[in-house]
Amino acid sequence: MCFEFDAHPPELPADRVLPGVSGGAAAEAMILTSSDGTRFASALAESPEPSGAAVVILPDVRGLYRFYIELAEQLAEAGHHAIALDYFGRTAGAEERGEDFDFAPEVARTTTETVQLDLAAARAALGERTGSTSFVSLGFCFGGSHSFFAGTRPELGLSGVIGFYGLLEPARVGKAGNRPSLIGSGAATMTVPVLGLFGGADKVIPAEDVEAFDRSLDSAGVDHELVTYPGAPHSFFDKSAAEHAEASADAWRRVLDFLGSTQG
């Protein structure tokens with residue numbers, strides 16, 4: 001399992017929290033409608049002093065739960081409007097779910113196209129609500145792959161993509177059907193800057209895949225930074241942030257720096 005239901009995001013670096021804002025950027029639950037008519041859950045947090053890109057958060061395999069709502073709130077506290085979305089509106093409805101939610105069958109029913117449709121709807125809602133004109137996707141695990149893939153879709157209107165331990169070669173775990181390979185031709189069609197954050201002890205994403213992704217982005221002329229944290233496992237930022245505090249703190253700073261420098 002690549003998440004803990006009761007996990008909390010690592011704390012923002014203290015110097016990145018807006019003065020007087022800590023704890024004051026509560027997210028609002030919203031039901032959005034995708035272009036195919038699907039209703040799905042989301043949570044939007046507005047920053048009182050926005051700067052840099054707004055963020056569309058793509059959760060891990062569990063979909064939308066408290067960790068990602070809190071993450072949206074933290075991003076707002078750092079000056080970035082943010083919205084976190086759920087993947088399973090088509091098959092599991094838009095209602096809030098408990099810890100016993102059986103997510104695996106729902107993940108298998110997703111496709112790259114449906115995830116991107118929902119991402120587009122979330123980005124549009126974020127822009128309409130906040131007036132933002134620059135957007136970055138930020139994904140974790142399953143969502144990390146889809147965040148990277150969003151970089152191949154210029155119609156989404158993103159200015160950059162960030163992925164934490166996004167699977168680069170889905171065939172390794174037999175899930176090539178709902179996520180494309182991001183090595184070779186997959187990376188060649190990326191059109192926006194990329195930040196990738198990986199664990200050196202990740203048993204799902206070997207170093208050779210990260211290296212191949214790096215070479216592919218180099219060949220395509222894509223502005224990118226790929227960072228590997230030695231000894232950190234898959235899900236180091238969400239499932240085991242306390243045990244990997246140094247890596248998580250560095251990752252936070254890299255994410256915020258990327259968001260601050262990325263404009264449409």
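Residues numbered from 1 in each chain as written. Predicted model: local features only at pLDDT ≥ 70, side-chain atom pairs only at ≥ 80, totals over all residues. Heavy atoms only, no water.

Caption draft 1: Just the environment of Ser42, in detail. Mapped onto the elements, Ser42 comes out in strand β2 (residues 39-45). Residue classification places Ser42 among the buried residues on the basis of a relative accessible area of 3%. Distance from Ser42 to His80, taken between C-alpha atoms, is 16 Å for residues 38 residues apart in sequence. Ignoring anything within four residues of it in the chain, the contact list for Ser42 reads Glu28, Ala29, Met30, Leu32, Leu64, Ile83, Ala84 and Leu85. (Helix = DSSP H or I, 4+ residues; strand = E, 2+ residues; numbered from the N terminus. Buried < 20%, exposed > 50% of the residue type's maximum accessible area, 1.4 Å probe, protein only. Contact = heavy atoms within 4.5 Å.)

Caption draft 2: View of the side chain of Ser145. Relative to the helices and strands, Ser145 is located in helix α5 (residues 142-150). Non-local contacts of Ser145, meaning those with residues more than four positions away in its chain, are made with Gly166, Leu167, Arg179 and Leu182.

Caption draft 3: Broad picture of the packing of helix α1 (residues 66-77) against helix α8 (residues 245-261). For the pair α1 and α8, interaxial distance at closest approach is 12 Å and the crossing angle is 60 degrees. In terms of orientation, α1 and α8 fall into the oblique class. In this structure, α1 crosses over α8, and the sense of that crossing is right-handed. The segment α1 lies against α8, with Leu71, Gln74 and Leu75 engaging Trp252, Leu256 and Leu259. Taken together, the residues of the contact of α1 with α8 break down into five nonpolar, one polar and no charged. (Axes fitted to C-alpha atoms, helices over the stretch in contact; angles between N-to-C directions. Parallel < 35°, antiparallel > 145°, perpendicular 65-115°, else oblique. Left-handed = near helix turned anticlockwise from the far one by under 90°. Nonpolar A, V, L, I, M, F, W, Y, C, P; charged D, E, K, R; others polar.)

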